[in-house]
Structure formats: C-alpha cells, structure tokens
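Here are the chains, one letter per residue:
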Amino acid sequence: MDLGIAGKVALVTAGSRGLGRATALALAGEGVRVMLSGRDASTLAATRSQVEAVGVEVDVRAGDVTDPGEPARLVGATVERFGGLDIVVANAGGPPPGRALDLSDEALDAALNANLMTSVRLVREALPHMRAAGWGRICCITSYTVKQPAPVLALSNTARTGLWAWIKTAAQDLAAESSGITLNMICPGPHATDRMKELGGAGVMGDPADFGSVVAFVCSAQAGSLNGSAVVVDGGSTLAL
Ligand code: NAD
C-alpha cells in the first residue's frame, strides 16, 4: 500500500534510538524526508546513516527537546533545511519510575514538562506551517498507561493522561477549522528498546519496526479521518476497554 506521503517532511524528536528511530526508518521507507532530534551527537550520527541508507534526505539536530526553547528551534531548523514541515512525531524519553504517594513537586514538574508540555510546544510551533500547507499529521508518542495506569509509573500515568486530554480537545479544534491536519497519540505497550531494558522489562515485547509502521500509517494520506485518537500498540496486553 502506497501511503501517499513520499516527499513530505517529518520531524521526529527523540529519534536517535528506540521507537523514535524505528518511526523515522518507517517514514523514510515511504520516501519521507526526515529531521531527527536527539541528545547525543554520536548516536544521532549513527542513526542518520541508517536512515540515509533508506535513500531519503536526512538532517539531525542535537539538543534536549524538553528544553522549553528547543521545539521552536527544531521546527525552525526543519523548515529552513527542507522548506516546510508536514509531519511531526513528538517523542521524548519516559520519566523515571515512582509510586504516586512518594512524588516530589520537582519530579512532577519535570514529568509534566517532558511528557506533556514538550508535545504541546511542538504542536504549537508546527501548526502555522501545516495550516499554510493545508495538510499535516502529528503523532505524540505516549504509553499504554493512558488506558491502564501502571502502579510504579505514576509520573508517566499523570503526565500522559493530561496530554491525552489536551490532544483530544485540540483535535476537535483542528477538525472544526477543516485544517487538513490530524493530531493523534500512539500508545506503545512493551517494546524491545533500551528504555525497556533499563526498566527491567520481561515477557512478550513488540518489535519497534512494527510500531514504526503503525505510526507511518497514522501519518498517511489515507488516515485523514483518524483524528483525536489514542492508538494503542500493545499486542493486546492492556485490559482497559
Ligand atoms: P529509548 O530510551 O529506547 O529511546 C529514547 C530516545 O530518545 C533516545 O535516543 C534518547 O536519547 C532520546 N531522548 C530521550 N530524552 C530526550 C530528550 N529530552 N531530548 C532529546 N532526545 C531524547 O526509549 P523508547 O523505548 O524508544 O521510548 C520512547 C517513548 O515511548 C518514551 O517516552 C517511553 O516512555 C515511551 N514508552 C516506551 C515503551 C517501550 O516499551 N519501549 C512502552 C511505553 C511507553
């Protein structure tokens, strides 16, 4: 199936490893030009080579996407390099584990900044360019925990459900203005990435490449009616309806 996005421009944040990298590779496989962000320049350079090998134009920018000024800098750099911005995959590292009653104000503030506000800022910066083009696809990578809170991931549960409420509301506004722009969240269950190893994950894990293909479809020309959705990619492990 041709997803109809060849030649489009995507910004994939936190894209040097894991689910972000897999998504960048899936988009590149569809002929999408890619701007990758990540914190570590050498990891980014290695990922750049992998994506370039698919046969598309790639650029990278090292920086911390959770720095409040970085989304504007990233969007500006993407538009300057590629002449536009059609697709945003808003991703950031997950917060540390912790139980709800143990959380400090500082820990909550950091999680809300990284896993709620960073996506809001990326959407805000990208929208003028997408509105000008009359087309756009935005996917925020979150977690299955928006459907089924995990006991030891209180920070993730809290920040990401706040983002889910914001996305659901903003997606209605985008539909009302017939913008041609969709805004969805993609909610991974356990996948075999470095993050999972750090958390000591075990059991059945999804393949990050398959996850990337799901995100690419949500960014496709054909997915124009998929808006304000939380797409759970978890192999069926989440029990919430
Ligand atoms: P990962 O740790 O394997 O990779 C994350 C990548 O993002 C790395 O390249 C890292 O350098 C980069 N990164 C992290 N913080 C960044 C920042 N502040 N600025 C720029 N780059 C940054 O993680 P992953 O498994 O790919 O997870 C991606 C997201 O999906 C996380 O938010 C995670 O919590 C969530 N998630 C993952 C799983 C899973 O099973 N892998 C399950 C549920 C949710």
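Residues numbered from 1 in each chain as written. Predicted model: local features only at pLDDT ≥ 70, side-chain atom pairs only at ≥ 80, totals over all residues. Heavy atoms only, no water.

1. Section: the site of the ligand
- The environment of the ligand is made up of 27 residues, and the closest members are Ser 16, Ala 92, Arg 160, His 191 and Thr 193.
- A distance of 3.0 Å separates a nitrogen atom of the ligand from a polar atom in the backbone of Val 65.
- Within the complex, 95% of the 820 Å² of free accessible area of the ligand lies under protein.
- Comparing atom positions with the cavity grids shows the ligand to sit within the largest pocket.
- Elements supplying a minimum of two residues to the shell around the ligand: helix H1 (18-29) and helix H6 (194-198).
- Per-element tally for the shell around the ligand: the top contributor is H6, with 3 residues. (Near = heavy atom within 4 Å. Polar contact = N/O pair within 3.5 Å; in protein donor to acceptor, adjacent residues only side chain to side chain. Areas by Shrake-Rupley, 256 points an atom, 1.4 Å probe, with all protein chains shown as cover. 1 Å grid on protein atoms, 1.4 Å probe; cavity = no way out; pocket = protein on both sides within 12 Å on 5 of 7 lines; lining within 4 Å. Sits in = over half its atoms within 2 Å of the grid points. Helix = DSSP H or I, 4+ residues; strand = E, 2+ residues; numbered from the N terminus.)

2. Considering helix H3 (residues 70-82)
- Its 13 residues place the ends of H3 18 Å apart at the C-alpha level, agreeing with the 18 Å of an ideal helix rising 1.5 Å per residue.
- The set of residues buried in H3 consists of Glu 70, Pro 71, Leu 74, Val 75, Thr 78 and Phe 82. Along the axis of H3, the buried residues cluster in a sector spanning 130°; they form a single face.
- Residues of H3 that are buried sit in contact with strand S1 (9-12), strand S2 (33-38), strand S3 (58-62) and helix H4 (105-133).
- Phi turns positive, to about 85°, at Gly 83, one or two residues after H3. (Expected span 1.5 Å × (residues − 1). Buried < 20%, exposed > 50% of the residue type's maximum accessible area, 1.4 Å probe, protein only. Arc of directions from axis to C-beta. Contact = heavy atoms within 4.5 Å.)

3. Describing the pairing of S2
- Among the 6 residues of S2, 5 are classified as buried, and the element is accordingly described as predominantly covered.
- Two elements, S1 and S2, share 4 bridges in a ladder whose sense is parallel. Bridging from a neighbouring strand, Val 9 pairs with Arg 33 of S2.
- As for the winding sense of the linkage, the β-α-β connection from S1 through H1 to S2 is right-handed.
- In the sheet, S2 pairs with S3 via 5 bridges, with the strands oriented parallel. Across the sheet, residue Gly 38 finds its bridge partner in S3, namely Ala 62. (Pairing = 2+ DSSP bridges. Right-handed = clockwise from strand over helix to strand, strands pointing away.)

4. Here we look at the side chain of Ser 156
- Positionally, Ser 156 belongs in helix H5 (residues 154-176).
- Judged by relative accessible area, Ser 156 falls into the buried class, the value being 2%.
- A distance of 3.2 Å separates the side chain of Ser 156 from the side chain of Thr 145, its partner in a polar contact.
- Within the local environment of Ser 156, its side chain forms a polar contact with the side chain of Arg 160, the two groups lying 2.7 Å apart.

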